[in-house]
Amino acid sequence: MSNFDKNFEAARLAMLAKQHSDIVKVTGEVVFCAEDDGDRLSGTSWTLEEDIFDQVTESGFKLHLIELLDDFIAHRGQFNVLPKKEGIVRFGGGDLSIEWLPEGSTHLSKGDT
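So, a few notes on the structure that sits alongside this text. (Residues numbered from 1 in each chain as written. Predicted model: local features only at pLDDT ≥ 70, side-chain atom pairs only at ≥ 80, totals over all residues. Heavy atoms only, no water.)

## Some details on the packing of helix H1 (residues 8-19) against helix H3 (residues 61-78)
The contact between H1 and H3 brings their axes to 11 Å, and the two run at 175 degrees. Classified by the interaxial angle, the pair formed by H1 and H3 is roughly antiparallel. Taken together, the residues of H3 that come into contact with H1 (itself represented by Phe8, Glu9, Arg12, Leu13, Leu16 and Gln19) are Phe61, His64, Leu65, Leu68, Asp71, Phe72, His75 and Arg76. Residue classes in the contact of H1 with H3 are distributed as seven nonpolar, three polar and four charged. (Axes fitted to C-alpha atoms, helices over the stretch in contact; angles between N-to-C directions. Helix = DSSP H or I, 4+ residues; strand = E, 2+ residues; numbered from the N terminus. Parallel < 35°, antiparallel > 145°, perpendicular 65-115°, else oblique. Contact = heavy atoms within 4.5 Å. Nonpolar A, V, L, I, M, F, W, Y, C, P; charged D, E, K, R; others polar.)

In structure tokens form, the structure reads like this:
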């Protein structure tokens, strides 16, 4: 079995930022959490500095980020890397970054989008 790839998340986020450079110029964050009993994304909460939510959705950015977060959670679960259930993705100035948080930190209710 291979080892956990520490660069996987940063590389994928950099690719997404390049693909959606117009969106990640705007300051925002996405709080996310995973199911209690599985390594799958179960909820997100979006905060954007500007009113671009329609653009975020229509451009495919929202779907792409949600799919990536689900992949990241599953990837961490596969290798039992903690934390793996909650975090925040921040963007602005053309960059995307992720911060993983201990379980119970986000207080995000499961199923938010």
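## Side note on the side chain of Asp70
With respect to the helices and strands, Asp70 occurs in helix H3. Ignoring anything within four residues of it in the chain, the contact list for Asp70 reads Asp39, Arg40 and Leu41.

## Examining the environment of Phe53
Structurally, Phe53 can be placed in helix H2 (residues 53-58). In sequence terms Phe53 and Val89 are 36 residues apart; their C-alpha atoms lie 16 Å from each other. Look past the residues within four positions of Phe53 in its chain and what remains in contact with it is Trp46, Leu48 and Lys62.

## Re the packing of aromatic side chains
Under the defined criterion, the tally for this structure stands at six aromatic pairs. Pairing Phe4 with Phe79 gives two aromatic rings, centres 6.1 Å apart and planes at 65 degrees, and the pair type is edge-to-face. Of this pair, Phe4 sits in the segment before H1 while Phe79 is found in the loop between H3 and strand E3 (86-92), placing the two residues 75 residues apart along the sequence. Overall, the relative accessible area of 19% leaves Phe79 in the buried class. Consider the rings of Trp46 and Phe61, whose centres lie 6.2 Å apart with planes at 75 degrees: the pair is edge-to-face. A residue pair is termed long-range when its members are at least 10 positions apart, and Trp46 in strand E2 (residues 41-48) and Phe61 in helix H3 qualify at 15 residues. (Phe/Tyr/Trp six-rings, centres within 6.5 Å; stacked < 30°, edge-to-face > 60°. Buried < 20%, exposed > 50% of the residue type's maximum accessible area, 1.4 Å probe, protein only.)

## A closer look at H1
Across its 12 residues, H1 extends 17 Å between first and last C-alpha, which sits within 8% of the 16 Å expected from 1.5 Å per residue. Within H1 the residues assigned to the buried category are Glu9, Leu13, Leu16 and Ala17. Projected down its long axis, H1 shows its buried positions confined to an angular sector of 100 degrees, all on one face. Projecting away from the buried face of H1 at angles above 90 degrees are the exposed residues Met15, Lys18 and Gln19. (Expected span 1.5 Å × (residues − 1). Arc of directions from axis to C-beta.)

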